[in-house]
Amino acid sequence: MKIGRNDPCPCGSGLKYKKCCMRKTSKRETNLQDLYYTKHRIRLKEDKDIQGIRTAGDLVMQTLGLVQGHIRAGISTESINSLVHDFTLKHNAVPAPLNYNGFPKSVCVSINEEICHGIPGPRIIEEGDIVNVDVTSIVNGYYADANQTFLVGQATEEARKIVNVALECLRRGLEQIGPGKTLGDIGWAIQDYAEGRGCSVVREMVGHGVGFDFHEPPQVPHFGKKGEGIELIPGMVFTVEPMINLGGRELKILEDKWTAVTKDRSLSAQFEQTVVVTPEGYESLTPF
Ligand code: MF3
Ligand code: CO
Ligand code: CO
């Protein structure tokens, strides 16, 4: 039976169908792609886009592998920048950080109490440092973003703890991802684990949509409540990149206007992947 425009709405509201659910199921709004763009400014990715981001992600992971093989006590953070920069150009790609909002280098390198956005320079990496290297490459116009924190040489118990907790936070955040889950589910899983281990979650920096641009909607907080926030649907591509501190969650930005450090100078660690929501759950486009 077909409901007429002027019939009572079958939802029981007492309104005419045309004034009620007919609109909610109008063609424009049932198209999730349009709805997510209109409501959240989220641009869903099609298969060809996902393939493009996957290719960029492959290069990002190759770059992090190269860095892992080179990183050791005695090298400068500038030498990590050169390695990443040259490798990226050799593969006909562009390092996204370079000149991004005035960022002067091709990769972020953040040591110990530095949370993120460390600028490579003459600083020498020392035995026992924990060093985060954050790589974002643009390949054929598509962006992929990932980072890892490396332990250099013999690490203290504290250093090993914060690196392990940050990695487990990423894993637990990713485990939440799938259609019908929400951004709040991801944040909750991360916050619950970090705080349960006596660590804290940075609030000011969040994960983000990625793919067509470096930072797209939505924001992906690493804290939150189950069931809150935007519902995940296939074709969403975003990062999860929890920044976890051994002490308090407060941060400070250094004089260079970029480097974020823990206010109490406690150690901070981070891991990041770019993922796509699939009908079955998710796929990492920068897997490790
Ligand atoms: N790669 C960082 C992220 O995960 C952003 C770095 S912005 C830069 O979002 F300008 F510092 F490179
Ligand atoms: Co990111
Ligand atoms: Co990043």
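Bear in mind that the values here come from a model prediction, so they are computed numbers and not experimental data.

(A) Geometry of the overall build of the protein. Summing up its helical and strand segments, the protein has seven helices and 15 strands in all. Its C-alpha atoms give the protein principal-axis dimensions of about 80 × 45 × 35 Å. Going through the 288 residues of the protein one by one, you find that 51% of them count as buried. Taking all contacts inside the protein whose residues are at least 6 apart in sequence as the whole, residues at least 24 apart take part in 66%.

(B) Region of the structure containing the coordination of the cobalt ion (ligand 3). Within the protein, the atoms that donate to the cobalt ion (ligand 3) are Asp 134 (OD), Asp 134 (OD), Asp 145 (OD) and Glu 272 (OE), at distances of 2.1 to 2.4 Å. In this structure, the cobalt ion (ligand 3) is coordinated by six donor atoms arranged in irregular fashion, with angles at the metal of 58 to 170°. Separating the cobalt ion (ligand 3) and the cobalt ion (ligand 2) is a distance of 3.3 Å, and Asp 145 donates to both of them. Taken together, the residues span a long stretch of sequence, with Asp 134 in strand β4 (residues 130-139) and Asp 145 in strand β5 (residues 142-151) at a distance of eleven residues. Note on Asp 134: relative accessible area 11%, which makes it buried.

(C) Examining the coordination of the cobalt ion (ligand 2) more closely. Around the cobalt ion (ligand 2), the protein contributes the donor atoms Asp 145 (OD), His 208 (NE2), Glu 241 (OE) and Glu 272 (OE), which lie 2.0 to 2.2 Å from the metal centre. Mapping the donors of the cobalt ion (ligand 2) onto the primary sequence gives the spacing D-x62-H-x32-E-x30-E.

(D) Broad picture of the site of ligand 1. Around ligand 1, the structure places 14 residues, and the nearest of them are Asp 134, Asp 145, His 208, His 215 and Glu 241. Between a nitrogen atom of ligand 1 and a side-chain N or O atom of Asp 134, the distance comes to 3.0 Å. Between an oxygen atom of ligand 1 and a side-chain N or O atom of His 208, the distance comes to 3.0 Å. When the free accessible area of ligand 1 is taken as 340 Å², the share hidden by the protein chains comes to 96%. Residue classes in the shell around ligand 1 are distributed as six nonpolar, four polar and four charged.

(E) Inspection of the pattern of salt bridges at higher detail. The tally for this structure, following the rule as stated, stands at nine salt bridges. In this structure, Asp 49 and Lys 48 form a salt bridge, with 3.7 Å as the shortest nitrogen-oxygen distance. Arg 172 is the partner of Glu 168 in a salt bridge, and the nearest nitrogen-oxygen pair spans 2.7 Å. Here Glu 168 and its partner Arg 172 are both found in helix α6 (residues 157-175), four residues apart, which amounts to about one turn of the helix. The exposure class assigned to Glu 168 is partly exposed, which follows from its relative accessible area of 27%.

(F) Region of interest: the packing of helix α4 (residues 47-70) against helix α5 (residues 77-90). At a closest axis distance of 10 Å, the pairing of α4 and α5 adopts a crossing angle of 145°. With respect to the hand of their crossing, α4 and α5 are arranged in right-handed fashion. On α5, the residues that touch Leu 59, Gln 62, Thr 63, Leu 66, Val 67 and His 70 of α4 are Ile 80, Leu 83, Val 84 and Phe 87. Split by residue class, the contact of α4 with α5 holds seven nonpolar, three polar and no charged.

(G) Inspection of the sheet that holds strand β12 (residues 260-262) at higher detail. Strand order in this open sheet of three strands is β3-β12-β11, and the pairing throughout is antiparallel. Every interior strand has two partners, whereas the edge strands, β3 (114-116) and β11 (251-253), have only one. Going from strand to strand, the sheet's axes swing by 40° on average, the running direction of each strand aside.

(H) Spotlight on the packing of aromatic side chains. Using the criterion set out here, one finds five aromatic pairs in the structure. Ring plane angle 90° and centroid distance 5.0 Å describe the contact between Phe 103 and Trp 258, whose orientation is recorded as edge-to-face. Of this pair, Phe 103 sits in the loop between β1 (94-95) and β2 (108-111) while Trp 258 sits in the loop between β11 and β12; the two residues are 155 residues apart in sequence, bridging distant segments of the chain. Assigned by exposure class, Phe 103 and Trp 258 land together as buried. Pairwise contacts between aromatic rings join Tyr 100, Tyr 143 and Phe 214 into one cluster. If you follow Arg 203 out to its NZ or CZ, it ends over the ring of Phe 223, 4.5 Å from the centre. Between Lys 226 and the ring centre of Trp 188, over which it is positioned, the NZ or CZ distance is 4.3 Å.

The rules behind these values
Residues numbered from 1 in each chain as written. Chains lettered and ligands numbered in written order. Predicted model: local features only at pLDDT ≥ 70, side-chain atom pairs only at ≥ 80, totals over all residues. Heavy atoms only, no water. Helix = DSSP H or I, 4+ residues; strand = E, 2+ residues; numbered from the N terminus. Buried < 20%, exposed > 50% of the residue type's maximum accessible area, 1.4 Å probe, protein only. Contact = heavy atoms within 4.5 Å. Donors = N, O, S within 2.8 Å, 3.2 Å for Na, K, Ca; no water. Tetrahedral: all angles 85-135°; square planar, octahedral: opposite > 155°, others 65-115°. Near = heavy atom within 4 Å. Polar contact = N/O pair within 3.5 Å; in protein donor to acceptor, adjacent residues only side chain to side chain. Areas by Shrake-Rupley, 256 points an atom, 1.4 Å probe, with all protein chains shown as cover. Nonpolar A, V, L, I, M, F, W, Y, C, P; charged D, E, K, R; others polar. Salt bridge = Lys/Arg side-chain N within 4 Å of Asp/Glu carboxyl O. Axes fitted to C-alpha atoms, helices over the stretch in contact; angles between N-to-C directions. Left-handed = near helix turned anticlockwise from the far one by under 90°. Pairing = 2+ DSSP bridges. Phe/Tyr/Trp six-rings, centres within 6.5 Å; stacked < 30°, edge-to-face > 60°. Lys NZ or Arg CZ within 6 Å of the ring centre and 35° of its normal.

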